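Working through the structure, step by step
The chain contents come next:
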Amino acid sequence: MKKQFKAMTLALMLSVGLAGCADTQTINQQAASSYTQTINEMKRQGVIDTTSATSKRIQKVFQRIKPYAEKANDTGVPFQWQITVMKNNELNAWAMPGGKMMFYTGLVDRLKLNDNEIAVVMGHEMAHALKEHGKQKVNFNMATGLLGSIGNVALSAATGYDFSTVVGLTQEYGLNKPFSRSNETEADEIGLLLMAEAGYDPEASISLWQKMSAASGGSGGALEGLISTHPTDSAREANLRKLMPDALELYKKSNKAG
């Protein structure tokens, strides 16, 4: 994200310590704790959406892809997958270590995403968790000392709601999501196969990212929360097209099985 790039939060740094690398189970537990704090605050603010047509569609896609994400988990630690839909007009979605996810209604409503396009985003974010990109970033920050200057940026800065009491990993994943281009490309690839295996049309990945590019005006400004440090639009589309034959094969097999 082009915003503050402020590294991981103080709560995580203190919990895992600077002496060595954080393991998967520790990172996942800290993520779950931070996520729970955020959800509790969201409940108090009344911004969790469980009833709208948009929320129900997001939840349905999540439930359909989740078994394939569980099967693809090779971290050695089972994930407790969970998704929350936030009533928010921003174009954003994110996943934390251990499969704790957030999806904003604005992403679906403003871009008029169909279910296949929702599945592209869902698979992409699930892939970030499965490939432990968050864990990699935490350990990198610890090793390089980037945690020396930690900002207390509240979620309210991006959402317009008062999240000043929430401190934890959700700040990093909701606001600062610092994944590299290689991480983003890997998430594209793994996510494409996940959604195709779950029976969603992988060709929707092209239209999804075209909508993203159009919404950003080519600058990324409107999509800072979702597409930081991204591959270029042309590189992303070229890579997805290269993978499309394999993804379409999975999609066809899924439809036959269904």
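As a starting point, this report considers the structure included with it. (Residues numbered from 1 in each chain as written. Predicted model: local features only at pLDDT ≥ 70, side-chain atom pairs only at ≥ 80, totals over all residues. Heavy atoms only, no water.)

1. A few points about the overall build of the chain
In terms of helices and strands, the chain carries 11 helices and three strands. Secondary structure elements of the chain, listed N to C terminal, follow the sequence α-α-α-β-β-β-α-α-α-α-α-α-α-α. If you take every contact in the chain between residues at least 6 apart in sequence, the share linking residues at least 24 apart comes to 75%. Surface summary for the chain: the accessible area is close to 11000 Å², and the carbon and sulfur share equals 50%. (Helix = DSSP H or I, 4+ residues; strand = E, 2+ residues; numbered from the N terminus. Contact = heavy atoms within 4.5 Å. Areas by Shrake-Rupley, 256 points an atom, 1.4 Å probe, with all protein chains shown as cover.)

2. Observations concerning empty space enclosed by the protein
All told, the structure shown has one cavity of 30 Å³ or more when counted by the stated rule. Taken as a whole, the largest cavity encloses approximately 30 Å³ of empty space. What lines the largest cavity is Val120, His124, Ala187, Asp188, Gly191, Leu192, Ser205, Trp209 and Leu240. Those elements that provide at least two residues to the lining of the largest cavity are α5 (115-130), α9 (181-197) and α10 (204-216). Top element by residues in the lining of the largest cavity is α9. It accounts for four residues. Broken down by class, the residue content of the lining of the largest cavity amounts to five nonpolar, three polar and one charged. (1 Å grid on protein atoms, 1.4 Å probe; cavity = no way out; pocket = protein on both sides within 12 Å on 5 of 7 lines; lining within 4 Å. Points joined across faces, edges and corners; volume = space filled by probe spheres on them. Nonpolar A, V, L, I, M, F, W, Y, C, P; charged D, E, K, R; others polar.)

3. A look at the packing of aromatic side chains
Scanning all chains against the criterion turns up one aromatic pair. Ring centres of Phe79 and Trp81 lie 5.5 Å apart, and the angle between their planes is 55°; this geometry places the pair in the tilted category. The burial state of Phe79 is the same as that of Trp81; both residues are buried. It is Arg64 that lies over the ring of Tyr200; its NZ or CZ is 3.9 Å from the centre. Over the face of the ring belonging to Trp209 we find Arg236, whose NZ or CZ atom lies 3.8 Å from the ring centre. (Phe/Tyr/Trp six-rings, centres within 6.5 Å; stacked < 30°, edge-to-face > 60°. Buried < 20%, exposed > 50% of the residue type's maximum accessible area, 1.4 Å probe, protein only. Lys NZ or Arg CZ within 6 Å of the ring centre and 35° of its normal.)

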